[in-house]
Amino acid sequence: MKDPDDKSPLSPNASTPDPPRIARRDLLGRVSLAVIAVPALVLAVPVAGFVVAPLFRTVPRQWRTVGKLKDFQIGDTVAVKFTDASPLPWSGVTANTAAWLRRSADREFLAFSVNCAHLGCPVRWLKEAKLFMCPCHGGVYYENGEVAAGPPPHGLGKYPVRIVGEDVQIQTGPIPIG
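Now for a quick tour of the structure.

So, how was this worked out
- Residues numbered from 1 in each chain as written.
- Predicted model: local features only at pLDDT ≥ 70, side-chain atom pairs only at ≥ 80, totals over all residues.
- Heavy atoms only, no water.
- Pairing = 2+ DSSP bridges.
- Helix = DSSP H or I, 4+ residues; strand = E, 2+ residues; numbered from the N terminus.
- Axes fitted to C-alpha atoms, helices over the stretch in contact; angles between N-to-C directions.
- Expected span 1.5 Å × (residues − 1).
- Bend = angle between axes of the 7 residues up to and from the residue.
- Buried < 20%, exposed > 50% of the residue type's maximum accessible area, 1.4 Å probe, protein only.
- Salt bridge = Lys/Arg side-chain N within 4 Å of Asp/Glu carboxyl O.
- Contact = heavy atoms within 4.5 Å.
- Phe/Tyr/Trp six-rings, centres within 6.5 Å; stacked < 30°, edge-to-face > 60°.

**So, the sheet that holds strand β6 (residues 131-133)**
Right, on to step 1. Overall, antiparallel pairing links the four strands, which are arranged β5-β6-β7-β8 in an open sheet. One side of each edge strand has no neighbouring strand; the edge strands of this open sheet are β5 (124-126) and β8 (147-149). For this sheet, the mean inter-axis angle between neighbouring strands, taken without regard to orientation, is 35°.

In structure tokens form, the structure reads like this:
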């Protein structure tokens, strides 16, 4: 005969422990965390992609013809226009940009960015003074592109220039500011 006080696990009279119950407060806490975590994860993925993507993106550079060799006089600084190296399909006229081009010798050219190194405002060439002037914040550059006065932290950005046959070309890329 079996002892009624027998509490062995195999005994039919053994009381089985109740499964652990989750308190209502704990359940609501876990549900709240899930409700917060899902949207946070959905937002974190594109943000992480935005932060990491520039590490894997190559900077587009392209040679653009800006004129014929005979069109430029030695010693003259002129504005030349070209299309940006990475225009977006919806860019329209904003894909057009420019540079200051100076012919320094028979087959030698210098090309400067039209954007001030301070905040990117367009600079203009003053032929009589032989200076580049930024009208926004008073930046002044010598004819070689170096800072003469004002707030710019460094000289004007320079573009590589080459001559292919009779064509003068500038290697375009991102606007060289900052």
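**Here we look at helix α1 (residues 24-56)**
Right, on to step 1. Between the first and last C-alpha of α1 there are 48 Å, a value that for 33 residues agrees with the 48 Å anticipated at 1.5 Å per step.
Right, on to step 2. The largest bend along α1 measures about 30° and falls at F50, with the proline P54 one to four residues further on.
Right, on to step 3. Sparse coverage of α1 is indicated by the burial of zero of its 33 residues.

**A short note on the pattern of salt bridges**
Right, on to step 1. Tallied over the entire structure, the rule returns three salt bridges.
Right, on to step 2. Between K68 and D167 there is a salt bridge whose closest N-O contact spans 2.7 Å. Separated by 99 residues along the polypeptide, K68 in strand β1 (residues 62-68) and D167 in strand β11 (residues 167-172) bring together distant segments of the chain.
Right, on to step 3. Among the ionic pairs, K70 bridges to D71, the shortest N-O distance being 3.7 Å.
Right, on to step 4. Residue K70 is classed as exposed on the basis of its relative accessible area, which comes to 66%.
Right, on to step 5. Exposure remark for D71: the relative accessible area of 46% places this residue in the partly exposed category.

**With respect to the environment of R107**
Right, on to step 1. Structurally, the position occupied by R107 is in the loop between β3 (96-105) and β4 (108-113).
Right, on to step 2. As for R107 and L69, which are separated by 38 residues in sequence, their C-alpha atoms are 8.2 Å apart.
Right, on to step 3. If we skip the residues at most four places from it in the chain, R107 touches L69, I163 and G165.

**Things to note about the packing of aromatic side chains**
Right, on to step 1. Counted by the stated rule, this structure contains five aromatic pairs.
Right, on to step 2. Between the aromatic rings of F82 and Y159, the centroid separation amounts to 5.8 Å while the plane-to-plane angle is 85°, which identifies the pairing as edge-to-face. Taken as a pair, F82 in strand β2 (residues 77-83) and Y159 in strand β9 (residues 158-159) lie far apart in primary sequence, 77 residues in all.
Right, on to step 3. Judged by its relative accessible area of 7%, F82 falls in the buried class.

**Thoughts on the sheet that holds β11**
Right, on to step 1. Taken in spatial order, the three strands line up as β1-β11-β10 in an open sheet, and their pairing is antiparallel. The open sheet has two edge strands with one neighbour each: β1 and β10 (161-164). The sheet shows a mean angle of 35° between the axes of neighbouring strands, direction not considered.
Right, on to step 2. When β1 meets β11, the two strands line up antiparallel, connected through six bridges. Within β11, the position partnered with K68 by the bridge is D167.

Any functional reading would require information that these geometric values do not contain.
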